[in-house]
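Letter by letter, the chains look like this.
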Amino acid sequence: MIPRPSLLRLPGTVPVAAAREAALALPASAWLAVADDGGFLGDRAVPLITPGGAASFDFSLAGAAAVTAVLAGSPPLFDLLSRLPGPIARARLLRSQVAQSRVGACLDYQRYRYRSFLVGLAPLSGLRLHCGSDSLPFAAGDVIEIDRRQAHGLSDPTGEGGLTLLVETVAAADLPRAPEPAAHLRLAADAPILLTSAEVSTLCAEIAEATAALHPDEASTVRDELAALQAAWAATFARYGHHRAGELSYLDILLRFRGSLLPLLTRRGLAASAATILDTALSVAPAAPRRLHRPPPPLPIPDAQVVERALVGDGDRPPLFARPLFVMSAPRAGSTLLFDLLARLPDVVTLGGESHEVIRGIPALHPAARGYASDALSATEATPEVCAALRHALAVRLRRRDGSSLLGSPAADTPDRPRFVEKTPANALRLPFLRSVFPDAQFIYLKRDPRENLSSLLEGWRERRFLAYSDLPGWPHRGWSFLLPPGWPALVGRPLVEIVAAQYSAANLAIERDLADLPPSRVATVDFEELLAAPRAVLRRLADFAALAWDEEADRAIGGDLPLSRVTLSAPRPGKWRRHADELATVLPDPAEPSSPSPSLSHSSTDAPIPPPPPGAEP
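As the structure is a prediction and not an experimental result, all values here were calculated from the model.

**Q** What should I look at first to understand the overall build of the chain in this one?
**A** From N to C terminus, the chain includes 20 helices and 18 strands. In the chain, buried positions account for 54% of the 619 residues. Residue pairs in contact within the chain that sit at least 24 positions apart in sequence constitute 77% of those at least 6 positions apart. When the accessible surface of the chain is split by element, carbon and sulfur atoms take 56% of a total near 25,300 Å².

**Q** I'm lost on the state of the cysteines in this one. Help?
**A** Linking two cysteines covalently through their sulfur atoms gives a disulfide. For the structure shown, the criterion picks out zero disulfides. There is no disulfide at Cys106, and the cysteine sulfur nearest it, in Cys131, is 9.9 Å away.

**Q** Would you mind showing me how to read the sheet that holds strand S7 (residues 128-131) here?
**A** Strand pairs in the sheet, formed through backbone hydrogen bonds, run parallel or antiparallel to each other. Taken in spatial order, the three strands of this open sheet run S8-S7-S10, and their pairing is antiparallel. Of all the strands in the sheet, just strand S8 (134-137) and strand S10 (152-155) have a single pairing partner and so form its edges. For this sheet, the mean angle separating the axes of adjacent strands, direction not counted, is 20 degrees. Pairing between S7 and S8: four bridges, direction antiparallel. Along S8, the bridge assignment pairs Arg128 with Pro137.

**Q** When you look at the sheet that holds strand S13 (residues 348-349) in this model, what are you seeing that I'm missing?
**A** The parallel open sheet is built from five strands, whose spatial order is S13-S14-S12-S15-S18. At either margin of the open sheet sits one strand with a lone partner, and together these are S13 and strand S18 (523-527). Alignment of strand S12 (residues 325-328) against strand S15 (residues 442-447), held across four bridges, turns out to be parallel. Its bridge partner being in S15, Leu325 is matched across the sheet by Gln442. Running over the sheet, helix H11 (residues 335-342) touches S12, S13, strand S14 (419-423) and S15 and is turned about 165 degrees from S14. Along the sheet face, helix H16 (residues 496-515) touches S12, S15 and S18 and points at about 145 degrees away from the line of S15.

**Q** Help me out: how do you make sense of the layout of surface pockets in this one?
**A** With a probe scaled to a water molecule rolled over the atoms, the places where space remains empty come into view. Approximately 700 Å³ is the volume attributed to the second largest pocket. If you trace the second largest pocket, you find 33 residues lining it, with Ser283, Ala285, Pro286, Ala287 and Glu463 closest to the centre. Counting only elements with at least two residues in the lining of the second largest pocket, the list comes to helix H7 (247-260) and helix H15 (450-463). Looking at the lining of the second largest pocket residue by residue, the classes come out as 14 nonpolar, four polar and 15 charged.

**Q** Please explain the packing of aromatic side chains as it appears in this structure.
**A** The relative placement of two aromatic rings is captured by the distance of their centres and the angle of their planes. A full pass over the atoms with the stated rule returns 13 aromatic pairs. Ring geometry for Phe321 against Phe420: centres 5.3 Å apart, planes inclined by 75 degrees, an arrangement best described as edge-to-face. Highlighted residues: Phe321 in the loop between helix H10 (304-312) and S12 and Phe420 in strand S14, separated in sequence by 99 residues. In terms of burial, Phe321 and Phe420 fall into one category: buried. Between Phe466 and Phe482 the ring centres are 5.2 Å apart and the planes differ by 20 degrees, which places this aromatic pair in the stacked class. Here Phe466, found in the loop between H15 and strand S16 (467-469), pairs with Phe482, found in the loop between strand S17 (480-481) and H16; they are 16 residues apart in sequence, far enough to count as distant. The pair Phe466 / Phe482 is uniform in exposure class, with both members buried. Each member of the aromatic cluster is reached from another via a ring pair, and the members are Phe321, Phe326, Phe420, Phe438 and Phe443. For Arg95, the ring lying beneath its charged end belongs to Trp31, and the centroid distance is 4.3 Å. We note Arg540 situated over the ring of Trp550; from NZ or CZ to the ring centre the distance is 4.1 Å.

**Q** Can you walk me through empty space enclosed by the protein in this structure?
**A** Overall, the coordinates contain six cavities of 30 Å³ or more when judged by the stated rule. Roughly 130 Å³ of volume is contained in the largest cavity. In this structure, the largest cavity is lined by Leu61, Pro192, Leu194, His242, His243, Arg244, Gly246, Glu247, Tyr250, Leu282, Val284 and Arg462. In the lining of the largest cavity, the residues fall into six nonpolar, three polar and three charged.

**Q** Got a minute to help me understand the environment of Leu407 in this structure?
**A** Inspection of the secondary structure puts Leu407 in the loop between helix H13 (384-395) and S14. For the pair Leu407 and Ala310, spaced 97 residues apart in the sequence, the C-alpha separation amounts to 8.1 Å.

**Q** Got a minute to help me understand the nonpolar core in this structure?
**A** The nonpolar side chains of a soluble globular protein tend to be buried, and buried together. Counting 110 residues, the largest nonpolar core has Leu195 and Trp480 as the members making the most contacts within it. Tallying contributions element by element places H16 first for this core, with twelve residues. If you look at the next biggest cluster of nonpolar residues, it comprises 33 residues, including Ala19, Leu84, Leu121 and Ala122.

**Q** Which parts of the structure should I look at to understand the packing of H7 against helix H9 (residues 272-279)?
**A** The relative placement of two packed helices is expressed as an angle between their axes plus a distance between the axes. Two numbers describe how H7 lies on H9: the axes approach to 10 Å, and their chain directions differ by 140 degrees. Considering the angle they form, H7 stands oblique to H9. On H9, the residues touching Leu254, Phe257 and Arg258 of H7 are Ala275, Leu278 and Asp279. Its residues assigned to classes, the contact of H7 with H9 comprises four nonpolar, no polar and two charged.

**Q** How do you make sense of the confidence of the model for the chain when you look at a structure like this?
**A** Any residue range with low pLDDT should be treated as having predicted coordinates unsuitable for detailed reading. Per-residue pLDDT for the chain averages 87, and the proportion of residues at 70 or more is 86%. For residues 615-619, every residue scores under 50 in pLDDT, and the model assigns this stretch eight contacts once sequence neighbours within four places are set aside.

**Q** Can you walk me through the environment of Ala212 in this structure?
**A** Considering the arrangement of structural elements, one finds Ala212 in the loop between helix H5 (197-210) and helix H6 (216-240). In this structure the C-alpha to C-alpha distance between Ala212 and Arg223, which are eleven residues apart in sequence, comes to 9.1 Å.

**Q** Would you mind going over H9 with me for this structure?
**A** Counting along an α-helix, one turn takes 3.6 residues, and residues three or four places apart therefore face a common direction. Among the residues of H9, those classed as buried are Ala274, Ala275, Ile277 and Leu278. Across the axial projection of H9, the buried residues extend over an arc of 160 degrees, all falling on one side. Where the residues of H9 are buried, they touch helix H4 (109-113), H5, H7 and helix H8 (262-268).

**Q** When you look at helix H1 (residues 17-24) in this model, what are you seeing that I'm missing?
**A** Along H1, the residues classified as buried are Ala19, Arg20, Ala22 and Ala23. The buried residues of H1 occupy an angular sector of 165 degrees when the element is viewed end-on, so they sit on one face. As for H1, its buried residues are in contact with helix H3 (75-82), strand S5 (88-96) and strand S11 (162-169).

**Q** For this particular structure, what's the right way to read the side chain of Lys423?
**A** Counting through the fold element by element, Lys423 comes out in strand S14. Judged by its relative accessible area of 3%, Lys423 is buried. Within the structure, the side chain of Lys423 is placed 3.3 Å from the side chain of Ser335, a separation counted as a polar contact. Not counting residues up to four positions away in its chain, the partners in contact with Lys423 are Val327, Ser335, Thr336, Phe339, Gly353 and Glu354.

What counts as what
Residues numbered from 1 in each chain as written. Predicted model: local features only at pLDDT ≥ 70, side-chain atom pairs only at ≥ 80, totals over all residues. Heavy atoms only, no water. Helix = DSSP H or I, 4+ residues; strand = E, 2+ residues; numbered from the N terminus. Buried < 20%, exposed > 50% of the residue type's maximum accessible area, 1.4 Å probe, protein only. Contact = heavy atoms within 4.5 Å. Areas by Shrake-Rupley, 256 points an atom, 1.4 Å probe, with all protein chains shown as cover. Disulfide = S-S within 2.5 Å. Pairing = 2+ DSSP bridges. Axes fitted to C-alpha atoms, helices over the stretch in contact; angles between N-to-C directions. 1 Å grid on protein atoms, 1.4 Å probe; cavity = no way out; pocket = protein on both sides within 12 Å on 5 of 7 lines; lining within 4 Å. Points joined across faces, edges and corners; volume = space filled by probe spheres on them. Nonpolar A, V, L, I, M, F, W, Y, C, P; charged D, E, K, R; others polar. Phe/Tyr/Trp six-rings, centres within 6.5 Å; stacked < 30°, edge-to-face > 60°. Lys NZ or Arg CZ within 6 Å of the ring centre and 35° of its normal. Core = buried A, V, L, I, M, F, W, Y, C linked by side-chain atoms within 4.5 Å. Parallel < 35°, antiparallel > 145°, perpendicular 65-115°, else oblique. pLDDT = per-residue confidence, 0-100. Arc of directions from axis to C-beta. Polar contact = N/O pair within 3.5 Å; in protein donor to acceptor, adjacent residues only side chain to side chain.

Right, dumping it as structure tokens:
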């Protein structure tokens, strides 16, 4: 472990009066709930330097350090940060309003790699900083290095509350020294800093030492797994170094560690620090809270005759799938939010989710039938047998807006003219097929700013909550997320941002190509940003377009604040994409400039040479 003092006061002080006044003048909206360190030094924060300059708590692996809008607009805070050790990876204001903050340690990779400094801003008497077994008085102007890997916290007997500045730096080899003005603010470089092979060996040695007293069989298993981890990391680091093209290869190694060793170490309470560093070695942000989402309950199997009558129509009732409505978009474009809002309209029936399993459950439609070339389906696949099987498989799964079965419910409770609404992003590659199965279908094309869309795709891949294929033939990594575009084997060994750019482009190009010949009466276009800004107006327009009924229940449900989508990873906020600005710059012409959704992106414009793909991978 990198040795550091628990607390080290730098000589001298820094002038903080102007910075303190600037901090106190910030609006309440600038202060965010701390999301990444347990609130041990304060429970509210204002990010000043972050990856990409977004107002976030992202870790430094997310991208290059940049100033936030708050810091850019505050010369006193900017001047204070220019006096502090650098290069700076992250910085934030912290506020505590309790007599004794919670005490705890931060064992993750961010705190392993970067050093932390606290600057006192509030002129309080009695404020003390605690870390490990040490304690120091903490006054305005003090600069103290703190090892946050040890248990730490603040105490304030006055109860007036502390105001501090927290700075994380890449290195500080010349400390201790008195802080002094710098010619400019020194920010951390944009290259990600990964664990080196030597550092991994040191961490593995700590784990081996901590587990030496285990039962011989368990100890032998630990040694074997540690040896395999070190060998795999050394081979991957020799090929990729710190290049982003190695991200998925490094992740494969950590996934094995999480499945084999981490549960044992956690259960026995062994080597917590080394294990946590390895576990978080690729983390770009604090773990997103998993919001509870219960899948809809299983539906009763409807009577076969009821299904058949519904499919062909009965009396005044049109066929069940008359004029279905499909939401078409790239993955992570906001289609779940739009789908959930449409599902609140009285005549709308849905599957309660996406159609992946329904479509792949028909052997002729499974990608395996085409050698896993892509998720695309053409009109050729729409044989009469396949069309009948798909319509039947969809019909028995239809739900009304209250979640109950459409065809397994009493006829009196069934809408007179149910309208099937569906959204599955992979269907962007299946429009010719869908148009053959449902020749009178209508379509909503949902677009999203490519910066936001690509950023959300990157987040989704890294969170591993959207795995489409767990064992994709020809793909050398553990799992493929989101849709499978044509030509995907060429993406082996490419940086993740190029993979998501290929997915975004493939989806939007296919949608625009395959809807181009349809009249306006069958295609509506919606921008995601418009949906967020004016959801009621957008839904009213879409209801008119598709001739969907509207009632008071829908008006109440859609009229309030928009809920977070059930697949939201982090709440939308302006400029959230900036966390990935350096990655996006390799596939977007100028990510700093506002842009409209464009289906055509570069997939391999990075200037840095990319190592060859792993042996055995398909070209």
